[in-house]
Amino acid sequence: MDDLENGRNKGMSRRLFLKRAGLFGAAVSAPGLLAACGGAETAGEQASPAATGAASPTGAATAAPSPTGSPAAGGDTLRVGLMVPLSGTYASLGEDMRNGFQMYLDENGGMLGGRTVEVVEAETEANPEVGLRVAQRLIEEDRVAMVTGIVSSAVALGVRDLFHESQVPLIVSNAGANDVTRAAMSPYIFRTSFSNWQSSYSIGEWAYENVADSDIFVIAPDYAAGAEDIAAFREAYEAAGGTVLEGALPPFGTTQDYQPFLSEIQNSGARGTFAFFAGGEAINFVQQYRDFGLKDAIPLIGPGFLTDEGVLEAQGDAAAGLRTSLHYTPLLDNETNNTFRAAYEEAFGESPTVYAVQSYDAAQLIALTLDAVGGETDDVDAVVEAMENVGSIDSPRGSFEIDPETHNPIQTFYLREVQEVEGALGNVPIEDLGVFTDPGAS
Ligand code: BEZ
């Protein structure tokens, strides 16, 4: 995985490398780290660790199942699956989610709710078929008690039925697919991130009032999240009185050159551009938008993934001044975030991203739940009920609650502007856009 693909310059000091490779906390084993670098294709072809006693192909060393056939539940060690992409467009997002989860574990001596945790890592890419295959393995072979992670909406939609039917709790810590907490809502699936509706609806009215009152071009990668983000922006912008132009959906994961789409924007008469891109695609799009001469002519806005801290350094000046909406920026000034940011920077040598926070909060949600059920996971209905009732979560994003109706966070969104802060670019919160609750299935 090279730095460009990974979405940032991740030049890692020896100190950091040692921290990540085992001296930093104990939960993810060294074989896990090594296997995770191998990618899903290799992983998919290996024999079950339960059969071989070897390191899990999904990414971590696993113990053989107990004679009761329930190694994850009831024993001392709680086995938690972590499904993340570690290659391709969203690789850096997956790494941040791994870091956030690990940080909460390390802060708590490797334990959640009184149980020592073993993280079983599974590489999903951003591919629903790979996601389904590794989820099956986590549930059937690694016998995890619960699973967290998942970056891509397409992967989340692909594994929804498996988790629903197997009744293994899943805490989605990024993917925003609306249906996961709407029509396809499951008692066993929770989310610590956002719905795609939330992240794009939140900037619609502001765009109407502050960017242009008509003719916004909409562009996003051609998969579930892209379509949902555009629909949510359009819903809010049109409700305010605006009209959205036709727009474009470049192929996801393969588009390197956005020139044809940038020409389309230029020739469309657009007065603004709404764009949902993340990871490597956000770097390319933002740089090419500037290089094509559009940055100063047609204001570019979108959900905050477009300029998150994992891509800002690579985007450089091309991102300066861009305004986006999100439920987090490391520059939020609250006590929990100030402590979290300092600890994260110390541990990983870089700013935390929203992906790290959502995964940190997934670990928090598991801990609060297990505290409520005395660390016992055999009774899944009790686990689900406890998870629904954890109340306010003290997150670096600010306190938020999980809506018991949808299992989606109810949270504040901020308008952020990319500015230079202490010699580096950062997302400065400039306006509170309000608390957004996903409408759920109506
Ligand atoms: C998604 O697929 O839901 C997604 C991916 C990256 C950033 C935000 C959302």
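Presented here is a report on the structure given in the accompanying data block.

The rules behind each value
- Residues numbered from 1 in each chain as written.
- Predicted model: local features only at pLDDT ≥ 70, side-chain atom pairs only at ≥ 80, totals over all residues.
- Heavy atoms only, no water.
- Helix = DSSP H or I, 4+ residues; strand = E, 2+ residues; numbered from the N terminus.
- Contact = heavy atoms within 4.5 Å.
- Pairing = 2+ DSSP bridges.
- Axes fitted to C-alpha atoms, helices over the stretch in contact; angles between N-to-C directions.
- Parallel < 35°, antiparallel > 145°, perpendicular 65-115°, else oblique.
- Left-handed = near helix turned anticlockwise from the far one by under 90°.
- Nonpolar A, V, L, I, M, F, W, Y, C, P; charged D, E, K, R; others polar.
- Near = heavy atom within 4 Å.
- Polar contact = N/O pair within 3.5 Å; in protein donor to acceptor, adjacent residues only side chain to side chain.
- Areas by Shrake-Rupley, 256 points an atom, 1.4 Å probe, with all protein chains shown as cover.
- Buried < 20%, exposed > 50% of the residue type's maximum accessible area, 1.4 Å probe, protein only.

Right, let's talk about the side chain of Ser-195 for a bit. By the secondary structure assignment, Ser-195 is in the loop between β6 (189-191) and α9 (196-201). Apart from residues lying up to four places away in sequence, Ser-195 is in contact with Gly-176, Asn-178, Asn-408 and Asp-438.

Let us look at the pairing of strand β13 (residues 424-436). Direction of pairing for strand β12 (residues 409-421) relative to β13: antiparallel, over a ladder of eleven bridges. If you follow Leu-415 over to β13, its bridge partner there is Glu-431. From the end of β12 to the start of β13, which pair antiparallel, there are two residues, and Glu-422 there has a positive phi angle of about 50°.

Let's shift gears to the packing of helix α16 (residues 354-372) against helix α17 (residues 380-388). Relative to each other, α16 and α17 sit at 120°, their axes nearing to 9 Å. One finds that α16 runs oblique with respect to α17. The two elements α16 and α17 cross, and the hand of that crossing is right-handed. Mapping the contact onto sequence places Leu-365, Thr-369 and Ala-372 in α16 and Val-383, Ala-386 and Met-387 in α17. Split into classes, the residues belonging to the contact of α16 with α17 amount to five nonpolar, one polar and no charged.

What follows covers the site of the ligand. As a matter of local geometry, the ligand sits amid 15 residues, with Val-151, Ser-152, Ser-153, Gly-176 and Tyr-223 nearest to it. A distance of 2.6 Å is found between an oxygen atom of the ligand and a side-chain nitrogen or oxygen belonging to Ser-153. The contact in question runs from an oxygen atom of the ligand to an N or O atom on the backbone of Gly-176, over 2.9 Å. Notes on the ligand: free accessible area 260 Å², of which the protein chains cover 100%. Split by residue class, the shell around the ligand holds ten nonpolar, five polar and no charged.

At Glu-125, a residue that is not glycine, the phi angle is positive and equals roughly 50°. You can call Glu-125 buried: its relative accessible area is 19%. Backbone geometry places Arg-143, a non-glycine residue, at a positive phi of 50°. Locating Arg-143 in the fold gives a position in the loop between α7 (128-140) and β4 (146-149).

Before going further, it helps to spend a moment on the sheet that holds β6. Spatial strand order, β2-β3-β1-β4-β5-β6: six strands in an open sheet with mixed pairing. Because the sheet does not close on itself, it has two edges, and the strands there are β2 (111-112) and β6. Of the pairings in the sheet, the one linking strand β1 (residues 77-84) to strand β3 (residues 115-123) comprises eight bridges and is parallel in character. Within β3, the position partnered with Val-80 by the bridge is Val-119. Lying over the sheet, α17 contacts β4, β5 (170-172) and β6, oriented at roughly 25° with respect to β6.

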